[in-house]
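Architecture at a glance
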Amino acid sequence: QVQLVESGGGLVQAGGSLRLSCAASGSILSINSMNWYRQAPGKRRELVAAISIGDITHYTDSVKGRFTASRDNGKNTAYLQMNNLKPEDTAVYYCQADTGVGYYYWGQGTQVTVSS
């Protein structure tokens, strides 16, 4: 089992920045990649960014150049740095731990609201 606790969401003006954190505990050695999803009202949950155990990152096109995923293995924490935020980035953001063998664990979600 893996437990994930997210923090760092909030209200920011367009063009501003936020950094989300996702602290992992439990069977952390089973984690392969840490993924960030978001879900806006009335929309499906979408994958925003991912970072593998080898620090290989992947981003959806709409956030490339603005968001950066990272992980601090010493602190068992993953981060999502979000710069130049836009109103369309408004959503609940979730971190996910992917074990790579079919088991996934989710954080509780954190609200990000970007005002225009």
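Just above, that's the structure.
Residues numbered from 1 in each chain as written. Predicted model: local features only at pLDDT ≥ 70, side-chain atom pairs only at ≥ 80, totals over all residues. Heavy atoms only, no water.

With that out of the way, let us pick up the sheet that holds strand β3 (residues 18-26). The strand order β1-β3-β8-β7 describes an open sheet built from four strands, whose pairing is antiparallel. Two strands lie at the open edges of the sheet, namely β1 (2-7) and β7 (67-72), each paired on one side alone. The average undirected angle you get between the axes of adjacent strands in this sheet is 15 degrees. Pairing of β7 with strand β8 (residues 77-82), which is carried by six bridges, proceeds in the antiparallel orientation. Across the sheet, Ser-70 pairs through a bridge with Tyr-79, a residue of β8. (Pairing = 2+ DSSP bridges. Helix = DSSP H or I, 4+ residues; strand = E, 2+ residues; numbered from the N terminus. Axes fitted to C-alpha atoms, helices over the stretch in contact; angles between N-to-C directions.)

What follows deals with the layout of surface pockets. By volume, the largest pocket is sized at about 220 Å³. Put simply, the parts of the chain that give the lining of the largest pocket at least two residues each are β3, β7 and β8. Split into classes, the residues belonging to the lining of the largest pocket amount to eight nonpolar, three polar and two charged. (1 Å grid on protein atoms, 1.4 Å probe; cavity = no way out; pocket = protein on both sides within 12 Å on 5 of 7 lines; lining within 4 Å. Points joined across faces, edges and corners; volume = space filled by probe spheres on them. Nonpolar A, V, L, I, M, F, W, Y, C, P; charged D, E, K, R; others polar.)

Next up on the list: the state of the cysteines. Within the structure shown, the criterion is met by one disulfide. In this model, Cys-22 is linked to Cys-95 through a disulfide, with the two sulfur atoms separated by 2.1 Å. Judged by the sign of its S-S torsion, about 65 degrees, the bond between Cys-22 and Cys-95 is right-handed. Of this pair, Cys-22 sits in strand β3 while Cys-95 sits in strand β9 (residues 91-98), and the two are 73 residues apart along the sequence. (Disulfide = S-S within 2.5 Å.)

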